[in-house]
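Reading the structure
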Amino acid sequence: MNGENTRSKPLSRKDFLRYMALIAGGTITAGQYIACSSKKDKYAHITGRINGASAATGHRLREGGFPPPEETTHMHTVIAGSGAAGLAAGRKLRLQGIPFKILDLEPRPGGNAASGENAWSSYPLGAHYLPLPNLQNGDLLELLREAGILTGYDTAGLPIYNETDLCFDPEERLFIRGRWQEGLVPQWGVEADSLSTIQRFLAAMDHFRWVKGSDLRYAFDIPVACSSADPQFTQLDDISMKTWLQQEGYHSEELQWYLDYCCRDDYGADTSTVSAWAGIHYFAGRKGKAANAGPSQVLTWPQGNGRLIQHLLQFSQDALLTNSLVYQVTPAGDKVHVDYFDVIRQTTCRIIADHCILATPHFVSCRLLPALQPAKGFVYSPWLVANITLDHIPASSGYPLSWDNVVYKGRSLGYVNSQQQTLLQTKPEKQVISWYLPLDHLPPTDSRRYALSLDHTHWVKLITDDLELAHKDIHRLIRNIEVQVWGHGMIRPQPGFITGVALKQAQNSGYDNIFLAHSDLSGISIFEEAFFQGNKAATQVISRS
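Given the structure is predicted, the values throughout are model-derived calculations rather than measurements.

Relative to strand β10 (residues 179–182), strand β9 (residues 172–176) runs antiparallel, the two being bridged by 4 bridges. Within β10, the residue paired with Phe175 across the bridge is Trp180. Count of turn residues in the β9/β10 antiparallel hairpin: 2 residues, of which Arg177 carries a positive phi of about 55 degrees.

As structure tokens, this is what we get:
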């Protein structure tokens, strides 16, 4: 379990400087530390704040000491957690006419698919796109049809997507060797041998995409539960992606960088940390097709996957209780007692329910339901997302501003142009971009603790300096930076985790009327898996109702 206390140990200045240097990819001097702390520097005009999840209130789960519930109500089903999994479960129950309540600590629903907005744009606070769903993923396709994102099917049975929901051109660019190139796979200035290695790797991924195991299932699929159990593929989970690359003779500096980028994008850790099965799944699990889009195109919105959350909320808005910290779930015969703390009223309450769905990360579920034993291998990657308001993005040589903009060998994953999908007659007065940084520079516990200790001014320096790798003097154009720290941003599929016994055991609560639903139970933190887990738990409730 990896939900340890990250606030009890204060940072020394030595530790602080070391961590700043690690995530900046260089060195931070004591003078720079003092300067950015006092804002007597070139960043002093940049406003903003750190938002983050409600860690302080959430940590009360460890402290305990809640008084007995002062109020008691009754409900058919209680869902703890209003991320994509909890909201998916609520939608399915609502469609079956089953009463429920959703409780969540946060003031806004959505988990790491939540979104925000300012005067110039909506923007994601976490996940920001959805790949075209696999054609066999009927439940997800139906959700998109229901939301008006999928508008129909052609005569060949291929989905037709709303053009405004498909990522507009230009889609991706990479800043490499002093200029921007089209696409994220390194091409500019890459030697012929390396280009050949990259093409060989991509051909191998295309083979893995369509190959099936002896059980006639795709070797890699979404949801993960649909993937083949054939040992020739599952054994890839026993080694790291980096080890597999070495075994297969993929010796290319540019390819290694690209694959580290991809693994950090989905898993918050590089190829030396995630399993080969997970690394290959990033490419081979996605098989989406469309009548009006290429297979690599994605669905995206100014608010990122907040667009999907907004649709799911239509089914749960009247059943949602935010600012409600569930602190204990107790089986009681054929009922379940769900105790929670109303943060606004400072009151403890109890709901006596027929069923309970814990749509919470595994380490949280273990604290809520003491009888649930923590499983080994659950490691969570901390993340940071910054939404940056600036006058404009300065032009630079090469390919033009795109939806996704990445710097070769940069510490971050680059930035998304949040306004790319906005349909406006006139150019907005300010531009908004969303910048992503997996905090994988130290072991997760240390990185989480250090990250939560940094001030906004320190993040401003790190973020701005990273952007200036491709945009010299961009600090002059930045007006505001809103920082979102995700202490437990996503599950990390280390070798042996996805196919291991511990993950399978963690999927069962041990009680007939308590069900678990979270993307970490799939081993991969993507919307498709959260949606699958939420539907699965709701189906179990429906079968008992």
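Here the focus is the confidence of the model for the protein. A residue-level look at the protein finds 91% of positions with pLDDT of 70 or above and a mean pLDDT of 92. The low-confidence segment residues 1–8, where pLDDT is below 50, has 30 contacts with residues more than four positions distant or belonging to other chains.

In this section: the sheet that holds strand β18 (residues 415–417). Strand order in the open sheet formed by 8 strands is β1-β20-β16-β19-β18-β17-β9-β10, and the pairing between neighbours is mixed. Both outer strands of the open sheet, β1 (47–50) and β10, are each paired with one neighbouring strand and no more. Each adjacent strand pair in this sheet contributes to an overall mean axis angle of 20 degrees, direction not counted. Helix α14 (residues 444–453) contacts β16 (380–390) and β20 (478–491) of the sheet and is inclined by roughly 35 degrees relative to β16. Each of β1, β16, β18, β19 (431–438) and β20 is contacted by helix α15 (residues 456–467), which is oriented at about 100 degrees to β20, the strand it contacts most.

Below, the discussion takes up the packing of helix α5 (residues 84–95) against helix α17 (residues 527–543). Running from amino to carboxyl end, α5 crosses α17 at an angle of 40 degrees, the nearest separation of the two axes being 7 Å. As summarised for this structure, α5 and α17 are arranged oblique, according to the angle between their axes. Crossing of α5 against α17: the hand is right-handed. In contact with Ala84, Ala85, Ala88, Ala89, Arg91, Lys92 and Leu93 of α5, α17 contributes Phe527, Ala530, Phe531, Gly534, Asn535, Ala538, Thr539, Val541 and Ile542. Considering only residue class, the contact of α5 with α17 consists of 11 nonpolar, 3 polar and 2 charged.

So, about the packing of α5 against helix α12 (residues 306–313). The axes of two packed helices give the description: the angle between them and the distance between them. The interhelical angle for the contact between α5 and α12, taken along N-to-C directions, is 30 degrees, at an axis separation of 9 Å. Remark: the crossing between α5 and α12 carries left-handed chirality. Across from Ala84, Leu87, Ala88 and Arg91 in α5, the residues of α12 making contact are Ile309, Leu312 and Leu313. Residue composition of the contact of α5 with α12, grouped by class: 6 nonpolar, no polar and 1 charged.

Moving on: the layout of surface pockets. Each pocket or cavity is described by its volume, and for the second largest pocket that value is around 1,000 Å³. Lining the second largest pocket we find 40 residues, and of these Glu172, Tyr258, Ser296, Gln297 and Val298 sit closest to its centre. Elements that contribute at least two residues to the lining of the second largest pocket include exactly β6 (129–131), α7 (192–210), α10 (253–267), α11 (276–284) and β18. With 5 residues, α7 is the largest single contributor of residues to the lining of the second largest pocket. Classifying every residue of the lining of the second largest pocket gives 22 nonpolar, 7 polar and 11 charged.

A word on the side chain of Asn323. Among the structural elements, Asn323 can be located in the loop between β12 (320–321) and β13 (324–332). Discounting chain neighbours no more than four positions away, the residues touching Asn323 are Asp104, Leu105, Glu106, Pro107, Phe341, Asp342, Val343 and Ile344.

Here the focus is the pattern of salt bridges. Under the criterion given, the structure shown has 17 salt bridges. Residue Asp206 is joined to Arg209 by a salt bridge in which the shortest nitrogen-to-oxygen separation is 2.8 Å. Taken as a pair, Asp206 and Arg209 lie in helix α7 at a separation of 3 residues, close to a single helical turn. Asp440 serves as the salt-bridge partner of Arg264, at 2.9 Å between the closest nitrogen and oxygen. Here the residue Arg264 occupies a position in helix α10, and Asp440 occupies one in the loop between β19 and α14, the gap between them amounting to 176 residues. Bridged by salt links that share partners, the residues Glu71, Asp342 and Arg345 form one connected network.

Within the element layout of this structure, Gln431 appears in strand β19. The exposure class assigned to Gln431 is buried, which follows from its relative accessible area of 11%. A polar atom in the side chain of Gln431 sits 3.4 Å from the backbone nitrogen of Ile393. Setting aside residues up to four positions removed in sequence, Gln431 forms contacts with Ile388, Thr389, Leu390, Asp391, His392, Ile393, Leu401, Asn417 and Gln419.

Residue Pro170 is reached from Asp169 by a cis peptide bond, and omega for that bond is -10 degrees. Positionally, Pro170 belongs in the loop between β8 (159–161) and β9. Following Ile222, the chain continues into Pro223 via a peptide bond in cis, with omega recorded as 5 degrees. One can find Pro223 in the loop between α7 and α8 (231–234). If you check the backbone angles, Leu216 has positive phi at about 65 degrees while not being a glycine. With respect to the element layout, Leu216 can be found in the loop between α7 and α8. Looking at Leu216, the relative accessible area reads 67%, which means it is exposed. Despite not being glycine, Gln346 has its phi angle at roughly 55 degrees, a positive value. If you trace the backbone, Gln346 turns up in the loop between β14 (335–342) and β15 (347–358). Since its relative accessible area comes to 51%, Gln346 is described here as exposed.

About the thresholds
Residues numbered from 1 in each chain as written. Predicted model: local features only at pLDDT ≥ 70, side-chain atom pairs only at ≥ 80, totals over all residues. Heavy atoms only, no water. Pairing = 2+ DSSP bridges. Helix = DSSP H or I, 4+ residues; strand = E, 2+ residues; numbered from the N terminus. pLDDT = per-residue confidence, 0-100. Contact = heavy atoms within 4.5 Å. Axes fitted to C-alpha atoms, helices over the stretch in contact; angles between N-to-C directions. Parallel < 35°, antiparallel > 145°, perpendicular 65-115°, else oblique. Left-handed = near helix turned anticlockwise from the far one by under 90°. Nonpolar A, V, L, I, M, F, W, Y, C, P; charged D, E, K, R; others polar. 1 Å grid on protein atoms, 1.4 Å probe; cavity = no way out; pocket = protein on both sides within 12 Å on 5 of 7 lines; lining within 4 Å. Points joined across faces, edges and corners; volume = space filled by probe spheres on them. Salt bridge = Lys/Arg side-chain N within 4 Å of Asp/Glu carboxyl O. Buried < 20%, exposed > 50% of the residue type's maximum accessible area, 1.4 Å probe, protein only. Polar contact = N/O pair within 3.5 Å; in protein donor to acceptor, adjacent residues only side chain to side chain.

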